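Inside the fold
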Amino acid sequence: MSLIASTPANNSLLSSGMESERTLYPYVTGTSVIGIKYKDGILMAADMGGSYGSTLRYKSVERLKSIGKHSLLGASGEISDFQEILRYLDELILYDNMWDDGNSLGPKEVHNYLTRVMYNRRNKFNPLWNSLVLGGVKNGQKYLGMVSMIGVHFEDNHVATGFGNHLARPILRDEWHENMSFEDAVKLLEKCMRVLLYRDRSAINKLQIAKITEEEVTISQPYSLKTFWGYSAFQNPTKGAEGSW
Amino acid sequence: MMICGRGIEKLRWIREDMMISLDVFLFLLRFMRLIQIQMSKSAIDVPPKGGFNFDLCRRNEMLFKKGVQPPSFRKTGTTIVGLVFQRLLFLFNQLHSSFSIFYLQDGVILGADTRATEGPIVCDKNCEKIHYMAPNIYCCGAGTAADTEAVTDMVSSQLQLHRYHSGRESRVVTALTLLKSHLFKHQGYVQAALVLGGVDVTGPHLHTIYPHGSTDTLPYATMGSGSLAAMSVFESKYREDLTRDEGIKIVSEAICSGIFNDLGSGSNVDICVITKGHKEYLRNHMLPNPRTYISSKGFSFSKQIEVLSTKVTPLKEKVVVIDGGDAMEE
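Model, not experiment: these values are computed from the prediction.

Conventions we followed
- Residues numbered from 1 in each chain as written.
- Chains lettered and ligands numbered in written order.
- Predicted model: local features only at pLDDT ≥ 70, side-chain atom pairs only at ≥ 80, totals over all residues.
- Heavy atoms only, no water.
- Helix = DSSP H or I, 4+ residues; strand = E, 2+ residues; numbered from the N terminus.
- Contact = heavy atoms within 4.5 Å.
- UniProt positions renumbered as here; feature names shortened; annotations may be inferred.
- Buried < 20%, exposed > 50% of the residue type's maximum accessible area, 1.4 Å probe, protein only.
- Pairing = 2+ DSSP bridges.
- Buried area = accessible area lost by both parts, 1.4 Å probe.
- Salt bridge = Lys/Arg side-chain N within 4 Å of Asp/Glu carboxyl O.
- Polar contact = N/O pair within 3.5 Å; in protein donor to acceptor, adjacent residues only side chain to side chain.

Note that Asp106(B) resides in strand S3 (residues 101-113). Residues in contact with Asp106(B), not counting those within four places in the same chain, are Phe85(B), Gln86(B), Pro204(B), Thr275(B) and Lys276(B).

What follows is the structure, encoded as structure tokens:
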């Protein structure tokens with residue numbers, strides 16, 4: 001299974017094998033994903049935007065997908081690499097089902113598989129340009145982990161990728177606590193997504209929230225958040241100083 | 001009297017009534033030409049007005065190639081924030097066309113952390129980032145420490161002179177305009193990112209000033225490396241109708257968020273509350289990073305220094321002076 005990601009400069013004319021072909025920059029990117037553990041399982045939120053550089057090209061990109069029975073994967077970064085990862089995971093789950101032994105891959109196993117894939121690709125200088133959030137519940141054990149594009153992986157109670165690292169993580173560190181109820185957890189995620197909507201250039205106001213518990217996986221329909229722009233200072237910023245800006 | 005220097009005829013044509021002798025005319029001609037040369041010479045010597053002089057840049061590059069390291073400068077990698085609080089009171093019949101807003105208690109709260117970094121090292125654990133501009137105006141500074149201090153000092157003295165001249169309290173927009181025109185003139189080389197806040201006759205004002213000279217007028221603002229962490233707190237917690245104590249609490253939380261989530265900010269929280277006619281500079285309002293010791297009592301050195309043993313080594317015997325030896329062996 002050879003994987004060649006061609007750069008924009010070296011097209012098929014130069015495929016003599018001498019030129020190294022590797023991913024140099026991402027093209028269509030998704031912005032941050034946030035995941036938290038709550039009382040019954042894992043909640044993840046991501047918006048549905050795919051940006052082509054500075055243009056908002058795609059507005060219905062689903063960046064949260066369920067993997068097997070027990071896991072949920074969210075990705076930020078290059079969308080095509082995310083689709084490639086989904087293909088690998090499809091194959092992995094298929095082979096696992098073919099064993100038909102009553103056992104199924106849990107979130108920890110899938111997380112480990114993804115770490116190995118990402119790290120191996122980075123060692124070949126041909127990374128999959130994604131930051132992945134993997135969450136799931138198996139046998140009552142909740143699991144939430146993250147893998148970055150260079151293979152850095154860790155497990156935590158709340159994770160965020162991309163801009164969420166800077167904007168959402170401070171809020172999560174302050175306000176997350178064990179055994180949050182579903183409504184509280186959704187409110188917390190929406191608070192973080194709202195800040196991201198205000199302050200992240202590539203965020204859009206159309207998001208999905210995915211929930212995974214022992215029993216089921218649900219990915220919500222897309223919806224939008226309410227925003228507030230009615231501060232009196234925004235109405236008239238140069239009040240008292242006419243002519244300045 | 002215009003001297004063209006083209007001929008006596010021209011001269012006579014300009015002023016018919018004014019007759020001068022030839023030698024006086026020639027003297028004047030030479031004098032004018034001399035002045036012209038002087039002016040053109042000085043026009044080459046004087047550098048263009050405004051901004052920095054970059055003549056030494058090529059020489060610095062050459063030195064750098066030869067291996068001479070330029071000195072590193074001290075930055076205040078920072079979290080600085082500002083917030084306007086206005087207690088609003090609405091009348092009953094709050095129809096769209098008729099409601100009144102009374103500002104009961106309003107002012108500006110500025111906050112800053114206290115860490116100054118020099119590359120990866122913390123060089124000052126407890127520096128002051130909230131600078132005085134006027135009795136009713138204070139300014140927080142992020143970026144290169146020298147730039148923020150110099151620029152705020154300079155504008156502060158200009159404001160004082162202006163106060164003497166006009167006899168009135170300084171306005172925040174005055175400080176804003178002075179700062180922004182100075183920073184723009186230097187095209188971003190003066191790396192000072194400032195949060196300027198104050199209360200004057202026109203009300204409370206809060207502005208941010210970026211190193212290239214652009215400004216924003218905002219109800220709440222953050223700057224510095226910890227600005228994202230602090231802004232996430234503001235965006236989720238700010239509302240219009242804040243009291244002074246609620247405002248201080250939100251500002252402290254924002255600075256703490258910067259301190260704990262950003263590596264460039266740390267140590268303590270400084271707060272400055274400015275209201276009409278009154279200001280409060282709360283230095284080290286919060287100390288969320290105290291020095292901790294294993295023992296709960298802390299550590300104290302004993303007052304009496306115990307002498308354990310004494311050993312005296314006389315130094316004079318060890319020195320051997322050679323008389324008549326050679327002064328310097330080559």
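We now examine the UniProt feature "active site" (unreviewed entry) in chain B. All names here are of chain B. The positions UniProt marks with the feature "active site" (unreviewed entry) are Thr-78. Counting through the fold element by element, Thr-78 comes out in the loop between strand S1 (75-76) and strand S2 (80-90). Classification of Thr-78 as buried rests on a relative accessible area of 0%. Apart from residues no more than four positions distant in its own chain, Thr-78 is found in contact with Asp-113, Lys-129, Ala-142, Met-223, Gly-224, Ser-225, Gly-226, Asp-262, Gly-264 and Ser-265.

Residues and elements named next belong to chain B. One ladder, built from six bridges, connects strand S12 (residues 269-275) with strand S13 (residues 278-286); its direction is antiparallel. Note on S13: the bridge partner recorded for Ile-274 is Lys-279. Here S12 hands over to S13 after two residues, with Gly-277 in that stretch at a positive phi of 80°.

Turning our eyes to something else, we now look at the interface of chain A and chain B. On the chain B side, the residues contacting the 22 residues of chain A number 23 residues. With both sides pooled, the region where chain A packs onto chain B buries about 2,000 Å², and carbon together with sulfur makes up 57% of that total. Linking chain A with chain B are two salt bridges, by the criterion used here. With a closest N to O distance of 2.8 Å, Arg199(A) and Glu235(B) form a salt bridge. Linking chain A to chain B there are three residue pairs in polar contact (both at pLDDT 80 or more). It is helix H3 (residues 164-175) of chain A that contributes the most residues to the side of chain A that touches chain B, six residues altogether.

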